[in-house]
Amino acid sequence: MKEFKQFDIVSDYSDHYFASSNLSLFGKKKDCFTNANCSVLKRIMQEWKILENNLPETIYVRVYDQRMDLLRAVIVGAAGTPYHDGLFFFDFSFPPDYPNSPPNAHYHAHGMRLNPNLYSNGKVCLSLLNTWIGEKEARWNPRSSTILQVLVSLQGLVLNRKPFYNEPGRPIFPNEKLSRSYNKKIFLLSCKTMLALLKKPPKSFEGFVHQHFCTRANFILQACKAYMEGRAIVGYYRDYGSRSSSTIEDSAEFKAQMVKLYPDLKTALTSVITTWALITNDMKIAALVFYKNKNIFKDFLWGIGLSTMICFAVRLLRYYEPGFVANVLDGASKWFMGHWLEGG
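### Here's the deal with the sheet that holds strand β2 (residues 59-64)
In spatial order, the strands read β1-β2-β3-β4-β5; together these five strands make up an open sheet with mixed pairing. Of all strands in the sheet, those with a lone pairing partner are β1 (7-10) and β5 (104-107), marking the two edges. Within this sheet the neighbouring strands show an average axis-to-axis angle of 20 degrees, counted without direction. Inspection of the sheet shows β1 paired to β2 by four bridges, in the parallel sense. Across the sheet, I9 pairs through a bridge with V63, a residue of β2. Sheet strands in contact with helix α4 (residues 206-228) are β2, β3 (70-76) and β4 (87-93), and its direction is about 160 degrees off that of β4.

See the structure below:
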């Protein structure tokens, strides 16, 4: 995902869960988030720098130039877990007394609970956020805790290989059969989350969502088939097959649910691949027009370029939010201008 920066500053926070938080009675931003001399703002800026330089490869973050108290992150589900290849979005807001209090967090659950720590209403249960009673060392420390630590904890401690044991008390009496059964349920919910994200991706991540699923579509579908056919344990499918050479017994309920879900998932993922192929082709055509005609009939070239860009925009608007299309067109026009002027 080289085209998509891991950390970036954007403008549109309109669909952020905490968009209406930290505002005064008249809708104005609180002084602690606008005054450059305020310790809260300085700390947030420090956290931005930490994120920009230290994010793990599978975590992406967007912050907002007009709302420095807000942050959005997506975690890519890791291989070897029932969350593999899924995308898990979190919205955060920094409180006015930050870092004395931890960030507020909301998980984009789409009405599904796919982890004991992540509720269907979006609540995030984590000791580091002081939303769970944990040992003192695991709780938020104003002097040393950071939003990066929160993200890494969500990735490693929450979205893990055996989330069944995240429920308090379960690690005391291990039950691997129940754990594997729970993973099957989680994978089904993860697939349903994929469908929800493809239907309406969070703002500033539209392109990332579609690019990710375009890249991983075939693997996801192959994994689904392997799980349905009992050729792999949920979470352990690889391109070269399962770790087990024998057929794995799966519950009839799991297979029935996968069989029911698979056609919708295949349709959605196939559509993503087709969409990106069309968009990529439009961009290639536009680039070719500019390249071949950059030194002749420059006035006419603008007409050709404009027409091409309009067609490109119309196609994008069939699949994406207007704000995302505007950003893509802005970037594309700057790229074309740069290449055209170099030889102009």
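After presenting the structure, the write-up continues.
### Notes on helix α3 (residues 176-199)
Given 3.6 residues per turn, any residue in an α-helix points the same way as the ones three and four places further on. Here α3 spans 35 Å end to end across 24 residues, near enough to the 34 Å set by a 1.5 Å rise per residue. Sitting at the amino-terminal end of α3 is N175, which places a side-chain oxygen 3.3 Å from the backbone nitrogen of K177.

### Some words on the packing of aromatic side chains
A complete count under the given rule lists 18 aromatic pairs for this structure. Where Y60 meets F208, the ring centres are 4.5 Å apart and the plane angle is 50 degrees; that geometry is what we call tilted. Taken together, the residues Y60 in strand β2 and F208 in helix α4 connect sequence positions 148 residues apart. Exposure class is identical for Y60 and F208. Each is buried. Seen from their ring centres, F90 and F92 are 6.5 Å apart, and the 25 degrees between their planes marks the pair as stacked. Ring-pair connections join several aromatic residues into one group, and the members of that group are F4, Y60, F89, F205 and F208. Here R62 stacks its cationic end above the ring of F205, 5.6 Å away from the centre of that ring. Taking NZ or CZ as reference, R113 lies 4.0 Å from the ring centre of Y119, over its face.

### Digging into the pattern of salt bridges
Applying the stated criterion across every chain yields a total of eight salt bridges. Between K49 and E52 there is a salt bridge, and its shortest N-O distance comes to 3.5 Å. Highlighted residues: K49 and E52, both in helix α1 (residues 39-54), separated by three residues, approximately one helical turn. On the accessibility criterion, K49 (48% relative accessible area) is partly exposed. A salt bridge links K162 to E176; the nearest nitrogen and oxygen atoms lie 3.0 Å apart.

Analysis parameters
- Residues numbered from 1 in each chain as written.
- Predicted model: local features only at pLDDT ≥ 70, side-chain atom pairs only at ≥ 80, totals over all residues.
- Heavy atoms only, no water.
- Pairing = 2+ DSSP bridges.
- Helix = DSSP H or I, 4+ residues; strand = E, 2+ residues; numbered from the N terminus.
- Axes fitted to C-alpha atoms, helices over the stretch in contact; angles between N-to-C directions.
- Contact = heavy atoms within 4.5 Å.
- Expected span 1.5 Å × (residues − 1).
- Polar contact = N/O pair within 3.5 Å; in protein donor to acceptor, adjacent residues only side chain to side chain.
- Phe/Tyr/Trp six-rings, centres within 6.5 Å; stacked < 30°, edge-to-face > 60°.
- Buried < 20%, exposed > 50% of the residue type's maximum accessible area, 1.4 Å probe, protein only.
- Lys NZ or Arg CZ within 6 Å of the ring centre and 35° of its normal.
- Salt bridge = Lys/Arg side-chain N within 4 Å of Asp/Glu carboxyl O.

From the geometry alone we can't say anything about function, so treat these as descriptive.
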